[in-house]
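Results of the structural survey
Below are the chains, spelled out letter by letter.
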Amino acid sequence: SEAVGIILNNLVGKNGRAGIVLQAGAGKAEKIRIEDNTVTGNAFAGIRMGTEAMGIILNNLISETSPGEPKAEGEVKMGDGVVMMADAWGEVRANTIHANSRAAVLAHACDATSLITLNKTSDNAYGVVVQGNDLDEAPAWNNADGEKQGEGGNGPEPSEPPGTQDLPSEALDLNVGDVETL
């Protein structure tokens, strides 16, 4: 996909589906920037990056995403603030991610050079969840908000709640090139 652009300063809410979606491959020519939006009351995902999409998600309020009601075969209930699918690359920085029914951020086999940092997360079932990545190839986390962080590695399928563990102390001192994982 040759999609490029900036999604800036919008109110995106109560759509019954995901709030903002970058389709598979979007942003490959130039990363799509999603900035200063209020994304609230949507279903499945507040912001979803499809397979191999590339984007910067910066300074958004992402809240109250519900699990959604699957309508097609293979769809599952989710309720995540931000979702990065297989091989998607994202920089998820300085967002407020609040009161989503499942994870603040779900990184599902995303590009290991992705960055998830300086986000304020609260009242989500989970903080940042990384699934489908080997631990040494997963994005690293450094949110310091006290929410439980999920397991790295080959975690449960998205339809199952991810596991949790305490945030490792070594994760608090990460380089900018590291990615935050759940």
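As shown above, the structure is provided for reference.
**Digging into the pairing of strand β10 (residues 89–93)**
- Among the five residues of β10, four are classified as buried, and the element is accordingly described as predominantly covered.
- Bridge count between strand β7 (residues 54–58) and β10: five bridges; the pairing is parallel. Each residue of the ladder has a partner; that of Ile-56, found in β10, is Glu-91.

**Some words on the pattern of salt bridges**
- Taken as a whole and judged by the stated rule, the model has six salt bridges.
- Residues Glu-75 and Arg-17 are paired through a salt bridge, measuring 2.5 Å at the closest nitrogen-oxygen approach. Here Glu-75 is found in the loop between β8 (61–63) and β9 (80–84), whereas its partner Arg-17 is found in the loop between β2 (11–13) and β3 (20–22), with 58 residues between them in sequence.
- What makes Glu-75 partly exposed here is its relative accessible area of 27%.
- We classify Arg-17 as partly exposed; its relative accessible area is 33%.

**Section: the environment of Asn-59**
- Mapped onto the elements, Asn-59 comes out in the loop between β7 and β8.
- Residue class for Asn-59 comes out partly exposed when judged on its relative accessible area of 41%.
- Separated by 24 residues in sequence, Asn-59 and Glu-35 place their C-alpha atoms 5.7 Å apart.

**What about the sheet that holds strand β1 (residues 6–8)?**
- With parallel pairing, five strands are arranged side by side in an open sheet as β1-β4-β7-β10-β13. Only two strands of the sheet have a single neighbouring strand rather than two, namely β1 and β13 (115–117). Strand-to-strand twist in this sheet, taken as the mean axis angle between neighbours without regard to direction, amounts to 10 degrees.
- Taken together, the four bridges between strand β4 (residues 32–35) and β7 define a ladder with parallel strand orientation.

Criteria and thresholds
Residues numbered from 1 in each chain as written. Predicted model: local features only at pLDDT ≥ 70, side-chain atom pairs only at ≥ 80, totals over all residues. Heavy atoms only, no water. Buried < 20%, exposed > 50% of the residue type's maximum accessible area, 1.4 Å probe, protein only. Helix = DSSP H or I, 4+ residues; strand = E, 2+ residues; numbered from the N terminus. Pairing = 2+ DSSP bridges. Salt bridge = Lys/Arg side-chain N within 4 Å of Asp/Glu carboxyl O. Axes fitted to C-alpha atoms, helices over the stretch in contact; angles between N-to-C directions.

By themselves, these are just geometric observations and shouldn't be taken as functional.
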